[in-house]
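As a plain string of letters, each chain reads:
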Amino acid sequence: MTVLNWRARADSVAAGPDPFDIQAVRRHFMFLDCGRIVTNNAASTQPPRELLRLQASLAPEYENVHRGQSAASQLMTARFEQSYDTIAQFLGAPSRACIALYRNTTEAINSVMYSLLTEFRDGDNVVTTLMEHNSNYVPWYAMCREVLPRLGRRVDYRLARFDPRTGELDLEHLASLIDARTKLVCCTGASNFLGTRNPLAAVRALADASGYCQPSGEKRSYLLVDGAQLVPGSFVDVQALDVDYLAFSFHKLLAPFGVGVLYAKEHLLDASLPFLYGGDMIAEGRVFPWQVEYNALPWKYAAGTPNILGAIVSAQAVRILVDLALTPGRPVYFGTAKPLPRAAVRSAMERISSWNQQLTSRALDGLEAIGGITIYGPRDPARRTSLVAFNLAARDPVSVAEALNRAGVESRAGCHCATLAHHALGLNPPASCRLSFYLYNTPDDVDQAVAAVAAVTRRTHFRLLPAEYPRSRLRPR
């Protein structure tokens, strides 16, 4: 099937009344001027030019936020606070009071660990899985093995298996690990190695049935979802999912800044201790030798001077993402503070998900035809996000990625911070090569990536000479 015919077929099934206009989308991105084939989007996505211009446009009126009397401070404060509203609307959260901003997903998850640290009782446990990113395992390992033992408290962590053949979470094993002493269940929304989309509704039901008695009187386990790979390409409604905590990063969602989001149910943020102390998280004038009072939500979780420009630009990344999916030729929500309707967010994210799924399906079909390849995770593209991790027989994955780079294809090799899953599959070294796609990728990008992988398998010598592949054009044409 030619690329032209495939694109026509893809357009006919794209979400929404109009086809996904990939060429209009691509005109918003500068990396194409360098001739790059970017297939490392699970690590970080590329920023559209509008977001970079927005950052520069904010400079003349830049000022610190909250408690400033200047017009510039008040204007910047309004823009900063509006960014929280946009993020809440994108996630379907009740209000900005449910949102805390950090540097990345990792810090957001750590904030939950430290906020809940003093609530754990001797004999409690945390349940997570072998498919987690290190950021959703190592904090709980450290809490159970290093932090709480110094306080004389014994808390255990438990790891649920996944099926090594399909990459699917073993729900029966997960259920066997959750009991009346499970305070928290931590689960990735989608694996950044296997690509697996986890059945969060089923995980939520298991957590609800634990019977653990929380300080609020609720008898259930909390559920924390690592949404770093889920949120950028899926419609997520935190109230429908009924998650207690959800974390993700904007650097995987078009923004050029290090801004991470923690969504949490308002009553949990209200009752929990802060992660960081000082500055804006303190109620104005309410510091005494005998007492300190904390600020109202969400500012209770905004210690010190925040990443003001990062928050504003990142929230606008959500708006331009919706525009790119629905009306790439004209802005509707970008650059404004108008409410983001749930219907528009749903339509945009479903369209992005559909496009990504088609790219992933094409990549799976092409890669499966290559001899000596092992592909990890579900074979059904509907059950995975838009990444494909693989290994070639007798080939070191890092050198495979280096060869792909010489062919002009940007991939990534290593453990992808999913070290537990690589060890669970018996991989030595614990590494794989990964291609990952986003809304600006094309079928031609996929075809070139697959062709480059196939070319690597045809070489008898593993480390290819630079002359064997054209170098990627790293200067604007």
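See the structure shown above.
As a starting point, this report considers the structure included with it. (Residues numbered from 1 in each chain as written. Predicted model: local features only at pLDDT ≥ 70, side-chain atom pairs only at ≥ 80, totals over all residues. Heavy atoms only, no water.)

Next up on the list: empty space enclosed by the protein. All told, the structure shown has one cavity of 30 Å³ or more when counted by the stated rule. Reported here for the largest cavity is a volume of approximately 60 Å³. The wall of the largest cavity is formed by Y102, S111, V112, S115, L116, Y245, L262, L268, L269, S272 and Y301. Of all the secondary structure elements, the ones that give two or more residues to the lining of the largest cavity are α5 (105-116) and α10 (266-271). Broken down by element, the lining of the largest cavity gets its largest block of residues, four residues, from α5. (1 Å grid on protein atoms, 1.4 Å probe; cavity = no way out; pocket = protein on both sides within 12 Å on 5 of 7 lines; lining within 4 Å. Points joined across faces, edges and corners; volume = space filled by probe spheres on them. Helix = DSSP H or I, 4+ residues; strand = E, 2+ residues; numbered from the N terminus.)

What follows is about the sheet that holds strand β7 (residues 245-249). Ordered in space as β2-β8-β7-β6-β5-β3-β4, the seven strands form an open sheet in which the pairing is mixed. Edge positions in the open sheet fall to β2 (99-102) and β4 (156-160), since each of these has one partner strand only. Within the sheet, the average angular offset between the axes of one strand and its neighbour, ignoring direction, is 20 degrees. In the packing of α5 onto the sheet, the strands contacted are β2, β5 (182-188), β6 (222-226), β7 and β8 (260-264), and the crossing angle to β7 comes to about 150 degrees. (Pairing = 2+ DSSP bridges. Axes fitted to C-alpha atoms, helices over the stretch in contact; angles between N-to-C directions. Contact = heavy atoms within 4.5 Å.)

The next thing to look at is the pairing of strand β15 (residues 432-436). Burial runs high along β15: five of the five residues are buried. Residues S432, R434 and S436 line one face of β15 and the alternating positions C433 and L435 line the opposite face, and both faces are buried. Across four bridges, the pairing between strand β12 (residues 387-392) and β15 is antiparallel. The partner of F390 across the bridge, within β15, is C433. Relative to β15, strand β14 (residues 412-414) runs antiparallel, the two sharing three bridges. Note that in β15 the partner of A413 across the bridge is C433. (Buried < 20%, exposed > 50% of the residue type's maximum accessible area, 1.4 Å probe, protein only.)

This brings us to the packing of aromatic side chains. Here the structure, examined in full by the defined rule, presents 18 aromatic pairs. Between F248 and F250 the ring centres are 5.3 Å apart and the planes differ by 65 degrees, which places this aromatic pair in the edge-to-face class. Ring-pair connections join several aromatic residues into one group, and the members of that group are F29, F31, Y438 and Y440. Over the ring of F120 we find K183, and its NZ or CZ is 5.9 Å from the ring centre. (Phe/Tyr/Trp six-rings, centres within 6.5 Å; stacked < 30°, edge-to-face > 60°. Lys NZ or Arg CZ within 6 Å of the ring centre and 35° of its normal.)

Checked against the element boundaries, H422 lands in helix α14 (residues 419-424). At 3.5 Å, the side chain of H422 and the backbone oxygen of C415 are in polar contact. H422 has contacts with F193, G414, C415, H416, L427, P430, A431 and S432, leaving out every residue within four places of it along the chain. (Polar contact = N/O pair within 3.5 Å; in protein donor to acceptor, adjacent residues only side chain to side chain.)

Turning next to the sheet that holds β15. Through backbone hydrogen bonds, the strands of a sheet pair up, either in parallel or in antiparallel fashion. On the basis of which strands lie adjacent, the open sheet formed by four strands has the order β11-β12-β15-β14 and antiparallel pairing. Of all strands in the sheet, those bounded by a partner on one side alone are β11 (373-375) and β14. On average, each strand axis in the sheet is inclined to that of its neighbour by 30 degrees, with strand direction left out of account. Contacts from helix α15 (residues 443-457) reach β11, β12 and β15, with the element oriented near 10 degrees to β12.

Turning our attention to the side chain of Q358. Structurally, Q358 can be placed in helix α12 (residues 342-368). Of note is the side chain of Q358, whose polar atom sits 3.1 Å from the side chain of S354.

The subject of this paragraph is the packing of α12 against α15. When two helices pack together, you describe them by how their axes are tilted relative to each other and by the distance separating the axes. The N-to-C vectors of α12 and α15 enclose an angle of 25 degrees; their axes lie 9 Å apart at closest approach. When the axis of α12 is compared with that of α15, the two are roughly parallel. Viewed along their axes, α12 and α15 form a crossing whose handedness is right-handed. Between α12 and α15, the residues in contact are W355, L359, R362, A363, G366 and L367 and P443, V446, D447, V450 and V453, respectively. Looking at side-chain class alone, the contact of α12 with α15 contains eight nonpolar, one polar and two charged residues. (Parallel < 35°, antiparallel > 145°, perpendicular 65-115°, else oblique. Left-handed = near helix turned anticlockwise from the far one by under 90°. Nonpolar A, V, L, I, M, F, W, Y, C, P; charged D, E, K, R; others polar.)

When their charged atoms lie close together, side chains carrying opposite charge are able to pair. Under the definition given, this model contains 25 salt bridges. D244 is the partner of R220 in a salt bridge, and the nearest nitrogen-oxygen pair spans 2.7 Å. Here D244 lies in the loop between α9 (238-241) and β7 and R220 lies in the loop between α8 (200-208) and β6, a separation of 24 residues in the sequence. R220 gets classed as buried once you look at its relative accessible area, which sits at 10%. Between K265 and D244 there is a salt bridge; the shortest N-O distance is 3.3 Å. One end of the pair, K265, is in the loop between β8 and α10; the other, D244, is in the loop between α9 and β7, and 21 residues separate them in sequence. The buried category is assigned to D244, whose relative accessible area is 0%. (Salt bridge = Lys/Arg side-chain N within 4 Å of Asp/Glu carboxyl O.)

Limitation: the analysis is restricted to geometry and does not speak to function.
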